[in-house]
Structure formats: C-alpha cells, structure tokens
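Next come the chains, spelled out residue by residue.
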Amino acid sequence: MPRGSWLRSLTAALVVVATVVVAAPAADARAAVPILVLDGTGWGHGVGLSQWGAEHLARTGRSTEEILGTFYPGVGLASTTGSVRVAVHRPAAPTTTLTFPQGGELRSPLEGPQAPGFPVAVPPGGRVRITAGPGGYRVDAVVTGQAGPAATTYQGPGCVLGLLLCEPTTTAPPTTTSTTAPAGGGAPPPTAAPGGAGSDDGPTPGAPGDPEPAPPAPVAVESPQPVWAVPAHGGVTQVDDRGRAYRGVVEATGAPGLRLVNLVGVEDYLRGMAEVPDTWPPAAVQAQTIAARTYALRAMQASGELCDDARCQVYVGQTAERPGQDAAVAATAGQVLTYGGDLAAAVYSADAGGVTATTYEGFGTPDGVYPYLTTVRYETGDPRPWRTEIGLADVARRLGYPGTLSTVEVVETGPSGRALQVALDGSAGSRTVDGRGFARALGLRSTRFTLGTSEAAVAPEPPPPAEEAVQALPEEVAAVARAPVSASRPVELRLEARLDRTAPPQPVADDPRARRLAVVAAVLALAVAVGIHVPVLLDAAGLGAPGPGARSLGRWRTSQTRSR
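Residues numbered from 1 in each chain as written. Predicted model: local features only at pLDDT ≥ 70, side-chain atom pairs only at ≥ 80, totals over all residues. Heavy atoms only, no water.

Further remarks concern the pattern of salt bridges. One pass over the full model with this rule turns up 24 salt bridges. For the salt bridge of E321 with R247, the shortest nitrogen-to-oxygen distance reads 2.6 Å. Highlighted residues: E321 in the loop between β18 (306-307) and α6 (323-331) and R247 in the loop between β15 (244-246) and β16 (249-253), separated in sequence by 74 residues. Here E321 matches R247 in class, with each residue buried. Linking E475 and R298 is a salt bridge whose minimum nitrogen-to-oxygen distance equals 2.2 Å. Taken together, the residues E475 in the loop between β26 (449-456) and α10 (477-481) and R298 in helix α5 (residues 282-303) connect sequence positions 177 residues apart. Overall, R298 belongs to the buried group, its relative accessible area being 16%. One continuous salt-bridge network, built from bridges that share partners, spans R247, D268, R271, E321 and D326. (Salt bridge = Lys/Arg side-chain N within 4 Å of Asp/Glu carboxyl O. Helix = DSSP H or I, 4+ residues; strand = E, 2+ residues; numbered from the N terminus. Buried < 20%, exposed > 50% of the residue type's maximum accessible area, 1.4 Å probe, protein only.)

Rendered as structure tokens:
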C-alpha cells in the first residue's frame, strides 16, 4: 500500500474511534430520565389535632387539656352521651354468617304474622346465616352451640341492650343448649330467652340419667324488614366473613344487597377504635379519645351514620379493645369539645409536620367556617419528614397531562405552607392542578412539600396512588356512609359547669337552661327505660345558643406560635 494511502486509512480509523468515544457520553445524556423529587413533612390532611404531635406534647409533660387547647384553640369542654351507627361490612355476595359466642337473638322490627318465627333465639356458640334478596331477609340459624367465655353484662337505670346509662359487671353465660321455634310459628319458648333464665318445667338438660336430647332442627325464617343481631349478656356478635366482633347490635340491611351496621353506645364504640397505640402516654390517648367522641356524635347529628375506616374514624370493634384505650375512655367518659354551644368538628390527622393546616388547605372548605381549625405551630420531636421520587413521565400519566411534561412548580401555598395549586408545563402547554388532587394522585403523605428535579438512568418505581380519601369533615360523612339523615339518633348536648375529674360535674345554679335540661334528661331517661324512642333536639331544649357551662380550653401558652 502506498504510504499516502496508509496514512489516510489510519487517519480515518482514528477519526471513527474518536467519534465513538465522544458520542458515547452524549448518548448516555440523551437516555437520562428526568425525575421529580418531593421533600415533605407530615402525614394526612393536617387539620386539627396531630396524633404524633399530641404524643410528643404528652411525653414532654402537657396535660390532656393543654394538648386539646393547642390543636383546637378557643374550644370548650362539655359532657354528652349517645349512640352511633357504624357501617362495618358490605360483603361481596348478599350473604353473611354471624356467630354468637354468648348467645343471643335475631329480631325483626315486625311482629306476629308479618314476621313469623321471630325472634330467633341462638344459644351460646350458635351461628346464623343471613341472606338479603328482593323480598327481604332470610335467616338460616344453626341452633346448637356451646357456652362461650364470660361476658360483660350491663345494669343500671334506663339500661337498654347494654347501650346507654349502664354499669358493666362480669357474668358467665348459661351453659345449656337453647331451642328455637320452628319456621313460621310463634315465639320461642322461655328457655330461649337471651337473658338465660331457663324454664322449671321438665328435667334439667344434661342432668345425670337424662336421655341424650335430639338436636333441634335448623330454623329458616324470613323478614321483609332489616333484622337485628342482639347478643346476650352484654356479649358480642362475631361477623365471621369479616373476622371481627362487635358490641351492641348488628343490623343487617340494604336488601337486595347486604350491608352490616353496628348500633352501639358511643363509649363502647370508642373502646373499639384503632386510631393510636394504647401504649402512648395517657394524656395523648385521652386527647384522641375526646376528639373522636366529639367527631362521632357530630357526624351522627349531621349524617346519621359513620364508616369504619380512615375516611371517618378507624373502628375495629371489640377485636381492637386494649387496656390503655379502655382506660382513656373511662377517664374521659362523656367529655366532648364544643364551640358556640355546638359540638366541634374535631378532625385530626396522623401528623401535621409541626404546623397544622387550615380547612381550605386540608379539605377545600373556606377558612373561618370553623374558627378553631386554624394554623398553629406546635412543638414536635419529629415532623415526619419524607421524600418521594417519581419520573416526570409517570407524573404526567397520573395527572392526565396529554404531552411531554418538562416542569412542575408549586404556584400557590396556604398559610401553613401547604400546596394549594401546582402548575404543570410541557409540550401541551401549562395546566394547573389542585394541591390535594396532586398529592392524592402521586401517593404523597401530605401537601406540605417542596419540589426539586434530578436525573437517573432508570425511572424509580412510582409510589402507589392514595388508596382512600382523607378523613371527611363530620358534616360530609353522609356522602361516605350513604345513610339517610332520618337514621340519625338525636344527640343531646349537656353543658356542664364543672368538668374537673376530682368532682362530678355540677349544673349552673338557678340557670333556666339547666332546669330545661334536667327536665329533658328525665324524660329521655324514662323513655329509654321503657324502650321508647323520643327525638330530643338541641333547639327544643333551648341549647342552640352558646352555653355558659362549657369550660373554655382557650389558647394554652406553650411555646407554639400562631402562623397566618
């Protein structure tokens, strides 16, 4: 090969190698994936009480009232009671199986020829299957069973089904096997009464020398109206396909579909909550319990029914009862938060990251509707920092941006620094997204975050979207529970003059409101004692105006400062 040709070939080869070397980094740069980096604090909507914040304040010596005064400035403490309806189960198929560990009854609101065979008595350990159809409810009962464990029974003036005005004692259920009436005929014999009193006629079942009794035939009865599972001896009803047990009454309703609703006194409802660990300092658990009692009773006033998940309050029933939670319920019995004579909208979240949110930031509700739900900075040992990284392409897909997304920016924040509006920009132009919707779509813990960008060779695994909506305001629970307002049991708000735990509350001396309240309370107690439902409204009792008896918690002068 001539020397010139050889040199030209060598030069060309070097040029090719150099081009490859130079081009490789450029190719890697083009392959980099743009990443959105979000750094935030807090967990949940951030309005009202911060559960982890309350835990920290309790550990640093704050009392229950100081904690509540921090997170709900300007509220007062009062006393009330009531019962709640909680939707606890909606099986996929229109059927469910219930077990009565201590025995009980299946009842229908109808009697006689309209619902023959009711009530159906179920012995301890007995099971029933309830099926809902177009014509109503069919009950198939397995009437054999065995004694369950000792249960709590309730005694006291006006005690109805262990729900109201009752004092608990421990008793063991009967050990005899009950029988039931055959389908289509009459009331059960006296030995089937859930109270356990057996008949004196005939030999005692199980006595030495008695012949082995024949097992009773299964019972099949129908009711065109919802049916009620009523446990005996203050016991529980176990929902087998849910794996939970509930105090009070379990109502099967919703035909031709089926859903189960727990009707239970608010104090037993609170015992079955699973919102915070019962091992937390007592002041924190008690503050949570007072807020939860207030939330539940206000939701009942407004909506008539609660759900049992985080959209309302997490309620598991008797399955979740723990010593620390029981103690908090007992220590705060009847205590609720009030503002202007009404129950407060005592919402709360897992953690507010050191600064609580306004109602507009948390729910989209205009600020000022609930003056006590405002921005407060509070001491915290841990603002619950978090970081999420997600590719811009995933951000665009989740938010429905139609083009190639290039930038994401928070363009409006609220008083606590939470994102109100987030702007998306790219090949399809600029779009604006609500901050709460943005956080929900990306599975963020809160709307209190800052944005940054980075690059990676491979996009990170995107976080799952939020599985459920955040806790609703009590007035909005009806849309969640899908219950008619007519199902509500009126809540009687009793404002008391003294609320310290060293002495029983005393009414305001010579106060006309207190005199009216005493009359209303006496009538209600008498009505409950005879099983009559008497609607008692706040306005009818003259309790709609601010009450002088509620003790204000005010703004506790801890080290928090208010942020506008």
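Further remarks concern the state of the cysteines. With the rule as written, the count across this model stands at 1 disulfide. The disulfide partner of C307 is C312, and the S-S distance across this bridge is 2.2 Å. Taking the sign of the S-S torsion, about 115 degrees here, the bridge from C307 to C312 comes out right-handed. Assessed through its relative accessible area of 4%, C307 is described here as buried. Here C312 falls in the buried class, since its relative accessible area comes to 1%. (Disulfide = S-S within 2.5 Å.)

Take the confidence of the model for the chain next. Residues at a pLDDT of 70 or more form 65% of the chain, whose mean pLDDT is 75. Between residues 146-208, whose pLDDT stays under 50, and residues either more than four places distant or in other chains, the model counts 123 contacts. Here residues 483-549 is a poorly scored stretch, pLDDT under 50, and it has 121 contacts once near neighbours within four places are set aside; other chains count. (pLDDT = per-residue confidence, 0-100. Contact = heavy atoms within 4.5 Å.)

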